[in-house]
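Summary of the model geometry
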Amino acid sequence: LVELFLSVPGVEYMEWIITSKIKVATTCLMVISLLINLGSPVKEVRRASVLCLQALSGVVSHFHLVINHLVPKTEEITSDVTYVAQVNSSAKKINRLSETLKNLLNCVYSCPSYIAKDLVKVLKEVNNEMVLSQLLPMAEQLLEKIQKEPTAVLKDEAIILHLTLGKYNECSASLLHKDPKSLDIFVKAVHTTKELCTGMPTIQITALEKITKPFFAAISDEKVQQKLLCMLFDLLVNCKNSHCAQTISSVFKGISVNAEQVRIELEPPDKTKSLGTIQQTRRQKMQKSQDLESVQEVGGSYWQRVTLILELLQHKKKLKNPQILIPTLFNLLSRSLEHLPAEQGNMEYTKQLILSCLLNICQKLSPDGGRIPKDVLDEEKFNVELIVQCIRVSEMPQTHHHALLLLGTVAGIFPDKVLHNIMSIFTFMGANVMRLDDTYSFQVINKTVKMIIPALIQSDAGDSVEVTRNVEGVVVKVIHVFVDALPHVPEHRRLPILAQLVDTLGAERFLWVLLLLLFEQYVTKTVLVAACGEKDAILEADTEFWISVCCEFSVQHQIQSLMNILQYLIKLPEEKEGKDQKKPQLCESQEEMLQIFNIDTHTSKQLRHFKFLSVSFMSQLLASSHFIRKVMLHEILTSLLCFRLLEIVLGYINAVAQSMEKNTDTLTVKFWRALLSKAYDTLDKVNALLPTETFVAVVRGLLDNPLPSVRRKALDLLNNKLQQNTSWKKKIVYRFLKLVPVLLAIVQHKKKSVEEQAINRQTALYTLKLLCKNFGAENPEHFVPVLNTAVRLIAPETKEDKNVLGSALLCVAEVASTLEALAIPQLPSLMPSLLTTMKNTSELVSGEVYLLSALAALQKVVETLPHFISPYLEGVLSQVVHLEKITSEMGSASQANVRVTSLKKTLATTLSPRVLLPAINRTYKQIEKNWKNHMGPFMSILQEHIGVMKKEELTSHQSQLTVFFLEALDFRAQHSEIGKTENCIIDCLVAMVVKLSEVTFRPLFFKLFDWAKTEDAPKDRLLTFYNLADCIAEKLKGLFTLFAGHLVKPFADTLNQVNISKTDEAFFDSDKDPEKCCLLLQFILNCLYKIFLFDTQHFISKERAEALMMPLVDQLENRLGGDARFQERVTKHLIPCLAQFSVAMADDSLWKPLNYQILLKTRDSSPKVRFAALITVLALAEKLKENYIVLLPESIPFLAELMEDECEEVERQCQKTIQQLEAILGEPLQSYF
């Protein structure tokens, strides 16, 4: 009403009433109404209200102090709708206003609820004990009304109750212990769950949200705080509303609580004392039956309450003196472990919460993981045995994880307590946690290792040998647990777990222990389980894994581990039975190392396998790419370690060699030989890692060793080093070169053990070859004696071992190619010896390596000194041709054949024509006498040489080559067996022809033509010439028509002369006339076919067509050589030639006579001829396609006759021919018949 009145012009009337001092009763209602309108959203209403209050400021009333407090803020109140609340909040600080505020609040009880609501809103920021105490009766009244008649509660009343609960804050918190009623009303509000209005939070939620950190801290009475905590926990146990539970969780998370208060809430109803110490735990175990009864008395609601409190503690940061909870938590853990099996599943979660709370407390007390002062937490209160018992009893992986994480943290705080249980912890991990394949389990393992292992290592201060041995013994057991569990660990987890373990233990001290235990596991377990066929694959996979483990650590630690392994192997006895006969000192050290490989529990075979596997792995690790890469990155740091490793390897080799000598007559000698071989292999790998200067010095010393096997091993090491593609410094090269005289002494020296010495001499020659290859180019003078020695070795008069001779030949090859001109003085001695060696066919064939070495030496000499071997060239060519015959029998893919081919190429490409051609001419005269299988290789050299000749060289030597070829082409006329020889000669000549110009080739061609057609020339030359013409036509293609004009008439004449249907005279004066005539026909027909095929210049003129037509067509009647040859000649040569002949004519006026003449042959008396003519007609049609239609009319009568031929085969072929003609011409022909 007042707001309505103030919002109209009646405001002026109101002011007049007040200013006129008319005695109007300034009632409580008026002042309250004006105060409420100070918060109106309408600015004019606020301004009018202030003006009215100004008018009332002079009137004495119960509220004049409040009015006088507000009037000076007129401008601010008018401008800001929220300002009145701020002004009121400051009013609470003025003590003299408290009475006035009390009068205002008393008006709440006499006003309607909607006015009371607005008044409380205006006084929202006024907070103190007096305000809360004045509003408590109304709050109590409203709460009772809600309980009795919740539907009768007005919305304004609900708002008043919410606003009243807002008065519970840090300003009024002290009232809770002064006035118990205020606490009871608050607790009653917390338990009021009914929803009064839609969209408005419940009274319960509003009350809970008032328990803030400042409010809870302002409560000075701990008993009141305890009651509130108890109320929260009880409410959490019983509430079924998720919103309520979330609110309680937020409230508890926000307030600052003393751990003692939480401890009280966690105590069971029977107030059983906590198990703070181990002694108390043991005492309690003795009274197990009594405790079991007490546990059974504790109801499920207690454990539910405990579980909920523990859940709240998981994320509780503001907890004072958290160490107070530790005894209680261990007491709870002890009780949870003693539940009946039926309840075990329900208690696992509680155990996990307890363990997690203990972990959080430890992390709060020791953020850095270090020790906790005794005055903060006594070690006796932390029951590690109970945690270990929890691990043993529980079957839940999550519980194991929590316990292990806690133990890991405790290991840094109370290391001694954890070390007493370390084997129990890790034994459990190996049997359970390590087998799980999830990220969380993996993290638990890592964290446990990181936390517990350092405590173990730090317990060894290094002051006592006994303590160190004990610690190392425990470490070996721990590693053994991990190794035993490894087969059950998921594969992708194995490497990270072992790497983490060794990294935490210290790779320098314990990597070698892990490796030996892995070897021991393979020898004693893996081998027994694996199937026979899988052992190699399993060993290979395991070795790769072991190398991967090593590569996780620095190369220095790896090398140190290898040294430790070797030292351990040296201490092991030779055999199981011999361990008691060792010296006392060794026994003592053996006892220390028995934890790794216990001699008593393993067989002799396992001991030998263990040794062999250890040395084999060392060799493989030293050769692995990862290891070598790391060595190269840290070459300076590793050089000294490698030298120390070399010393230990040499000492081990010495020990193994002595054992081999002792066991020469026993069954184990093979094992010792194999082990020595592996040790040598390891030595080789170590030497590869040494700096070169040190390496050369070591090898130099080994070469003077009296044992041939040691000298041979030294040579092998040197060879391996020299084979590395490395650029050497001059100083190092000089050191290598100083080894040349020593190696020459080995090559020339002879001792009693011939076989051993032969191997050494062979190896020394190979070493000299490598030295020359690496350093000979820049230091040739050092290798002249090497060439002299090698040449003397291969002399025919010396009777040397073949292997030594092979190595000497290879050495000659390398040194001669390197020395170049310096090798010339040795040629008179070298070449005869080399050629003599190659003439000894039986020895060459018996040893392929020997043959390859001889070929390599000859090739290198030819490559290096081509201008100085002309005196020996004829012999070289003869031997090459001879050797090709030998190597071709070995197969084209054999190394010897490949090497001979390479040598031929070298001869053909490196020698000049003026040197090679005379030698070829002379060699041909020798080869011709024994030509079989020799002419092909010989001509291939000349063919390749012609291929690389320059134009000028070919021009200058053409006459010489022409004379040679005219002589060579006469091969057929002079020999009865030709084989492939003539083709080899022709291929060579064609290679020259393709390089000639038209001007130079034309006279050559005519010369060859005259050579074949001379009157007194043997007829066999025609065979050779036409074969040559066929090959040239195939090579020159269309260009051959430039020269083929002169062949037309000879071709026609020859075709007629060999046609037996026209003449009975023999063409050749020999018994093989038919065979030669058939071959001659084949060459002519093939040559004509190629001329016709590649004719692009209209070579076949009318005159040439008429000259060739009848001789070619008449060949259909020429049954020379019998039916089989006739059929083959017609099908493969004659018909393709006639068909292509028709194409080359390109004139229908010539097609008709050709077609007619062929059709006439269909009337021959021989069915073979008729059949051949029919096929020829079809071939013509296929070539001419639609053009053949002009020839069809004259063909129909002949075909009609053949349709009724007396020969069924001809008749069937005629029908097929008609069908194919229809397909070719695209129109039916049956109507013509």
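Rules behind the numbers
- Residues numbered from 1 in each chain as written.
- Predicted model: local features only at pLDDT ≥ 70, side-chain atom pairs only at ≥ 80, totals over all residues.
- Heavy atoms only, no water.
- Helix = DSSP H or I, 4+ residues; strand = E, 2+ residues; numbered from the N terminus.
- Contact = heavy atoms within 4.5 Å.
- Areas by Shrake-Rupley, 256 points an atom, 1.4 Å probe, with all protein chains shown as cover.
- UniProt positions renumbered as here; feature names shortened; annotations may be inferred.
- Expected span 1.5 Å × (residues − 1).
- Buried < 20%, exposed > 50% of the residue type's maximum accessible area, 1.4 Å probe, protein only.
- Axes fitted to C-alpha atoms, helices over the stretch in contact; angles between N-to-C directions.
- Parallel < 35°, antiparallel > 145°, perpendicular 65-115°, else oblique.
- Left-handed = near helix turned anticlockwise from the far one by under 90°.
- Nonpolar A, V, L, I, M, F, W, Y, C, P; charged D, E, K, R; others polar.
- Patch = residues over 30% accessible without salt bridge, like charges linked within 9 Å, V, L, I, M, F, W, Y side chains within 5 Å.
- Salt bridge = Lys/Arg side-chain N within 4 Å of Asp/Glu carboxyl O.
- Lys, Arg positive; Asp, Glu negative; His and termini not counted.
- Charge placed at Lys NZ, Arg CZ, Asp CG, Glu CD.
- Phe/Tyr/Trp six-rings, centres within 6.5 Å; stacked < 30°, edge-to-face > 60°.
- Lys NZ or Arg CZ within 6 Å of the ring centre and 35° of its normal.
- Polar contact = N/O pair within 3.5 Å; in protein donor to acceptor, adjacent residues only side chain to side chain.
- Disulfide = S-S within 2.5 Å.

1. Comments concerning the overall build of the protein
- The number of helices and strands found in the protein is 66 helices and 2 strands.
- Across the protein, every contact between residues at least 6 apart in sequence was considered, and the portion connecting residues at least 24 apart equals 76%.
- In the form shown here, the protein has an accessible surface area of approximately 56800 Å², with 52% of it arising from carbon and sulfur atoms.

2. Considerations on the UniProt feature "coiled-coil region" (unreviewed entry) in the protein
- Per the UniProt record, "coiled-coil region" (unreviewed entry) is annotated on residues 1200-1227.
- Note that residues 1200-1227 is 79% helix and 0% strand, and that its end C-alpha atoms are spaced 17 Å apart.

3. A look at helix 60 (residues 1073-1093)
- Under the 1.5 Å per step criterion, the end-to-end length of helix 60 is 30 Å for 21 residues, consistent within 8% with the ideal 30 Å.
- In terms of residue burial, helix 60 counts as a mostly covered element, since 15 of its 21 residues are buried.

4. Things to note about the packing of helix 24 (residues 384-393) against helix 25 (residues 397-413)
- Two elements in contact, helix 24 and helix 25, have axes separated by 9 Å at closest approach and are oriented at 155°. One way to sum up the angle between helix 24 and helix 25 is to call them roughly antiparallel. The crossing of helix 24 and helix 25 is left-handed. Note on element contacts: helix 25 touches helix 24 through Thr-399, His-400, Ala-403, Leu-404, Leu-406, Leu-407 and Val-410, opposite Val-384, Ile-387, Val-388, Cys-390 and Ile-391.
- Grouping the amino acids of the contact of helix 24 with helix 25 by side-chain chemistry returns 10 nonpolar, 2 polar and no charged.

5. Focus on a positive patch on the surface
- Together, Lys-729, Lys-731, Arg-735 and Lys-738 make up a region of like positive charge exposed at the surface.
- Position of Arg-735 among the secondary structure elements: in helix 41 (residues 730-737).

6. Some details on the packing of helix 54 (residues 958-969) against helix 56 (residues 981-993)
- Look at helix 54 against helix 56: their axes get within 10 Å of each other, and the N-to-C directions meet at 155°. When the axes of helix 54 and helix 56 are compared, the pair comes out roughly antiparallel. By crossing handedness, the relation of helix 54 to helix 56 is classed as left-handed. The segment helix 54 lies against helix 56, with Leu-961, Phe-965, Ala-968 and Leu-969 engaging Ile-985, Ile-986, Cys-988, Leu-989 and Met-992.
- When the residues that make up the contact of helix 54 with helix 56 are grouped by side-chain class, the tally is 9 nonpolar, no polar and no charged.

7. Here's the deal with the pattern of salt bridges
- Counted under the stated rule, the structure contains 28 salt bridges.
- Put simply, Glu-140 and Lys-181 hold a salt bridge, and the shortest N to O gap is 2.8 Å. Residue Glu-140 is found in helix 10 (residues 129-148), and its partner Lys-181 is found in helix 13 (residues 180-190); the two are separated by 41 residues along the sequence.
- Of the residues examined, Glu-140 reaches a relative accessible area of 24% and is grouped as partly exposed.
- Measuring nitrogen to oxygen at the nearest pair gives 4.0 Å for the salt bridge that ties Glu-814 to Lys-769. Taken together, the positions of Glu-814 in helix 45 (residues 802-819) and Lys-769 in helix 43 (residues 754-775) put the pair 45 residues apart, joining distant regions of the chain.
- A residue is classified by how much of its surface remains accessible, and Glu-814, at 12% relative accessible area, is buried.
- We classify Lys-769 as buried; its relative accessible area is 15%.

8. Section: the packing of aromatic side chains
- Scanning the entire structure with this criterion turns up 27 aromatic pairs.
- Joined through ring pairs, the aromatic side chains of Phe-1001, Phe-1005, Phe-1006, Phe-1009, Phe-1025, Tyr-1026, Phe-1040, Phe-1043 and Phe-1051 make up one cluster.
- Taking the ring centre of Phe-252 as reference, the NZ or CZ of Lys-316 above it sits at 5.0 Å.
- Positioned above the aromatic ring of Phe-695 is the side chain of Lys-721, whose terminal nitrogen or guanidinium carbon lies 5.2 Å from the ring centre.

9. Here's the deal with the environment of Glu-1227
- Here Glu-1227 shows up in the segment after helix 66 (1208-1225).
- In this structure the C-alpha to C-alpha distance between Glu-1227 and Ile-1189, which are 38 residues apart in sequence, comes to 9.9 Å.
- Aside from chain neighbours lying at most four places away, what touches Glu-1227 is Ile-1189, Glu-1222 and Tyr-1232.

10. Comments concerning unusual backbone geometry
- The backbone of His-1098 sits at a positive phi, close to 55°, despite the residue not being glycine.
- Relative to the helices and strands, His-1098 is located in the loop between helix 60 and helix 61 (1102-1113).
- Phi is positive for Lys-1185, close to 55°, though the residue is something other than glycine.
- As for its placement among the helices and strands, Lys-1185 is situated in the loop between helix 64 (1167-1184) and helix 65 (1192-1203).
- Given the relative accessible area of 47%, Lys-1185 is considered partly exposed.

11. Overview of the environment of Gln-926
- Checked against the element boundaries, Gln-926 lands in helix 51 (residues 913-927).
- When the C-alpha positions of Gln-926 and Ser-878 are compared, they lie 8.4 Å apart, and in sequence the two are 48 residues distant.
- Not counting residues within four places of it along the chain, the set of residues in contact with Gln-926 comprises Glu-874 and Ser-878.

12. Observations regarding the side chain of Glu-267
- Here Glu-267 lies in the loop between helix 18 (259-266) and helix 19 (278-286).
- A polar atom in the side chain of Glu-267 sits 2.9 Å from the side chain of Arg-263.

13. Section: the state of the cysteines
- Considering all chains together, one arrives at 0 disulfides under this definition.
- Cys-1087 provides the cysteine sulfur closest to Cys-1137, a residue in no disulfide bond, and the two sulfurs are 9.5 Å apart.

14. Some words on the environment of Leu-501
- Looking at the element boundaries, Leu-501 is found in helix 30 (residues 491-505).
- Along the backbone, Leu-501 and Leu-514 are 13 residues apart, and their C-alpha atoms lie at a distance of 9.6 Å.
- The contact partners of Leu-501, leaving out residues within four places of it in the chain, are Val-449, Ile-453, Val-478, Ile-479 and Phe-482.

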